[in-house]
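Chain by chain, the residues:
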Amino acid sequence: AALALAIFARPAQLDGALLYDDKAAVLGSPVVQGQVPVSKVWTRDFWGKDEMGSPESHKSYRPLVTLTYVANHRLNTQNG
């Protein structure tokens, strides 16, 4: 019930602009943008560019958040 309330209480906000680091996390992520297989979400850091074991990795690991970005991106690009 809480999830439904959160989603449907303010549906206009689902079309809002990306803020702060969202641009880098969504527009800059090869995982979210579909440039690499979505399965890479389990091996790459939050930003999607570096493998977790890489020295260049930010070491920020949020695969479930990234999967929501992937789902939202796919829904929004399919529907215009």
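Everything here concerns the structure above.
I will try to describe carefully the structure that is included in this document. Given the structure is predicted, the values throughout are model-derived calculations rather than measurements.

Summed over the entire model, instances satisfying the criterion amount to 2 salt bridges. As a salt-bridge pair, Lys-40 and Glu-51 come within 3.7 Å of each other at their nearest N and O atoms. Linking Lys-40 in the loop between helix H2 (22–27) and helix H3 (63–78) with Glu-51 in the loop between H2 and H3, this pair joins segments that are 11 residues apart in sequence. Here Glu-51 and Arg-44 are joined by a salt bridge, their closest N and O atoms 3.5 Å apart. If you follow the salt bridges from partner to partner, you end up with Lys-40, Arg-44 and Glu-51 in one network.

One recurring pattern in soluble globular proteins is that nonpolar side chains are buried together. Counting residues in each nonpolar core, the largest one holds 6 residues, listed as Val-26, Val-31, Val-32, Val-36, Val-41 and Val-70. With sequence-adjacent residues up to four places away left out, Val-32 is seen in contact with Ala-25, Val-26, Thr-66, Tyr-69, Val-70 and His-73.

Moving on, we come to the side chain of Thr-66. Inspection of the secondary structure puts Thr-66 in helix H3. In contact with Thr-66, not counting residues within four places along its chain, are Val-31, Val-32, Val-41 and Phe-46.

Moving on to the packing of aromatic side chains. By the definition in use, this model includes 2 aromatic pairs. Residues Phe-46 and Tyr-69 carry aromatic rings whose centres are separated by 6.1 Å and whose planes lie at 55° to one another, so their mutual orientation is tilted. Placement of the pair is Phe-46 in the loop between H2 and H3 and Tyr-69 in helix H3, with a sequence separation of 23 residues. Exposure remark for Phe-46: the relative accessible area of 3% places this residue in the buried category. For Tyr-69, a relative accessible area of 21% corresponds to the partly exposed category. Ring pairing ties together the aromatic residues Phe-46, Trp-47 and Tyr-69, which thus form one cluster. Here Arg-62 stacks its cationic end above the ring of Phe-46, 3.9 Å away from the centre of that ring.

Criteria and thresholds
- Residues numbered from 1 in each chain as written.
- Predicted model: local features only at pLDDT ≥ 70, side-chain atom pairs only at ≥ 80, totals over all residues.
- Heavy atoms only, no water.
- Salt bridge = Lys/Arg side-chain N within 4 Å of Asp/Glu carboxyl O.
- Helix = DSSP H or I, 4+ residues; strand = E, 2+ residues; numbered from the N terminus.
- Core = buried A, V, L, I, M, F, W, Y, C linked by side-chain atoms within 4.5 Å.
- Buried < 20%, exposed > 50% of the residue type's maximum accessible area, 1.4 Å probe, protein only.
- Contact = heavy atoms within 4.5 Å.
- Phe/Tyr/Trp six-rings, centres within 6.5 Å; stacked < 30°, edge-to-face > 60°.
- Lys NZ or Arg CZ within 6 Å of the ring centre and 35° of its normal.

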